[in-house]
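# Tertiary structure, described
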Amino acid sequence: MKQFAVIGLGRFGTSVAETLSRMGYDVLAVDVDAEKVNAVMDIVTHAVQVDALDEHALKSLGIRNFDVVIVAIGEDIQANILVTVMLKEMGVKTVVAKARTELHGRVLAKVGADKVVFPERDMGVRVARALVAANIVDQIELSPDYSLMELIAPREFVGKSIGEAAIRMKYGVTVLAIRRGDEIIISPGARHTVEEGDILVVVGRNDRLRRLEQ
Ligand code: ADP
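Residues numbered from 1 in each chain as written. Predicted model: local features only at pLDDT ≥ 70, side-chain atom pairs only at ≥ 80, totals over all residues. Heavy atoms only, no water.

## Some thoughts on the UniProt feature "domain: RCK C-terminal" (unreviewed entry) in the chain
Formally: UniProt positions are given in the numbering used here, feature names are shortened, and annotations may be inferred rather than shown by experiment. Each helix is a run of DSSP H or I of at least 4 residues and each strand a run of E of at least 2, with the numbering of both proceeding from the N terminus.
In the numbering adopted here, UniProt assigns the feature "domain: RCK C-terminal" (unreviewed entry) to residues 135-214. Secondary structure across residues 135-214 divides into 18% helix and 39% strand, with the first and last C-alpha atoms of the span separated by 6 Å.

## Digging into unusual backbone geometry
With a phi angle near 45°, Ala-166 is a residue other than glycine that sits in the positive phi range. Here Ala-166 lies in the loop between helix H7 (162-165) and helix H8 (167-171). The residue Ser-187 is not glycine, and still its phi comes out positive at about 50°. Tracing the backbone through its elements, the reader meets Ser-187 in the loop between strand S10 (183-186) and strand S11 (199-205).

## Some details on the site of the ligand
Stated precisely, the cut-off is as follows: When we say a residue is near a molecule or strand, we mean one of its heavy atoms is within 4 Å of it. Between N or O atoms, a polar contact is any pair within 3.5 Å; within protein, one atom must be a potential hydrogen donor and the other a potential acceptor, and residues adjacent in sequence are included only when both atoms are from side chains. Accessible surface is estimated by sampling points in the Shrake-Rupley manner with a 1.4 Å probe; for residues, cover comes only from the protein chains shown. Points on a 1 Å grid, built from protein atoms alone, make a cavity when a 1.4 Å probe fits but cannot get out and make a pocket when they are open with protein on both sides within 12 Å along at least 5 of 7 lines; residues with an atom within 4 Å of a point are the lining residues. Pocket occupancy is defined atom-wise: a molecule lies in a cavity or pocket when more than half of its atoms are within 2 Å of its grid points. As a working rule, the residues Ala, Val, Leu, Ile, Met, Phe, Trp, Tyr, Cys and Pro are called nonpolar, Asp, Glu, Lys and Arg charged, and the rest polar, with Gly in that last group.
Residues in contact with the ligand amount to 18 residues; listed here are only the nearest, Arg-11, Asp-31, Asp-51, Ala-52 and Glu-75. Asp-51 has a polar side-chain atom sitting 2.8 Å from a nitrogen atom of the ligand. A distance of 3.3 Å separates an oxygen atom of the ligand from a polar atom in the backbone of Gly-74. Protein contact buries 85% of the 580 Å² of open area that the ligand shows by itself. Its atoms largely coinciding with the cavity grid, the ligand occupies the second largest pocket. Grouping the constituent residues of the shell around the ligand by class yields 8 nonpolar, 3 polar and 7 charged.

## A closer look at the environment of Ile-81
Relative to the assigned elements, Ile-81 resides in helix H4 (residues 77-90). Between the C-alpha atoms of Ile-81 and Leu-108, which are 27 residues apart in sequence, the distance is 6.3 Å.

## Re H4
Quick reminder of the rule: Take the number of residues in a helix, subtract one, and multiply by 1.5 Å to get its expected span. Burial classification: accessible surface area is computed with a 1.4 Å probe over protein chains only, and a residue below 20% of its type maximum counts as buried, one above 50% as exposed, and the rest as partly exposed. By definition, residues are in contact when any of their heavy atoms lie within 4.5 Å.
The first and last C-alpha atoms of H4 sit 20 Å apart over 14 residues, in line with the 20 Å expected at 1.5 Å per residue. Buried within H4 are the following residues: Ala-79, Asn-80, Ile-81, Val-83, Thr-84, Met-86, Leu-87 and Met-90. Turning to H4, the residues buried within the fold contact strand S1 (3-7), helix H3 (55-60), strand S4 (68-71), strand S5 (94-98) and helix H5 (102-110). Of the residues flanking the end of H4, it is Gly-91, one or two places downstream, whose phi is positive at about 100°.

## A short note on the pairing of strand S2 (residues 26-31)
Defined as follows: In this analysis, strands are considered paired if DSSP registers two or more bridges between them. Every crossover in which the path from the first strand over the helix to the second runs clockwise, viewed with the strands pointing away from the viewer, is termed right-handed.
The element S2 is extensively covered by neighbouring structure, given that 5 of its 6 residues are classed as buried. With 5 bridges joining them, S1 and S2 adopt parallel strand pairing. Bridge pairing in S2 places Val-6 opposite Ala-29. Crossover S1 to S2 through helix H1 (residues 11-22) is right-handed. The pairing of S2 with strand S3 (residues 46-49) spans 4 bridges and is classified as parallel. Considered in S3, the bridge of Ala-29 is made with Ala-47.

Structure representation (structure tokens):
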């Protein structure tokens, strides 16, 4: 079972720590602010008040033994970058760091962050897309060019089989699954008919996926 540590318990860090805990993972939550630590005390496995810039204190937490450490310090960009560097130097295998801007993200990648996340930017994109395209349920970026998307079946597909709708040929995307109420049809064949209200799970190039938005 993977062990996680979250450093910085603002809104983002707290949400990550709580979600991992609910999923049954061991989570060490760290913040310099005792109030933030107290707020998650009953939710996570361990919560400690430590200044993550204090290298000795970090080491004594055994931080290098965690599989994944999430640097969720937000406003203090300097602390965010320095902690990321220290964690990599200590030998933490996977460091996920939260970036505030594109440039900050590039710096984090240069200093060794294994994954850089942009929660504000990504949530802004999601909300904007959901406002414009009412049929998009969710989207996961797989790479800068490809995404996995969940969408309510576009009108022109309803009543047709996947083969008749020629989804792959015309749109260049692949239907991985269909969600119909509680039922899930994995890898539907060409003969499978799309019904009204079906949710399609599709994968493809971002520009191709855009054409399915309504
Ligand atoms: P968010 O935008 O996700 O709410 P914030 O920047 O408001 O993020 O919160 C980041 C958290 O990181 C705060 O709770 C702050 O106390 C904590 N933090 C800042 N610097 C350090 C540090 N050096 N060590 C540990 N925690 C820190």
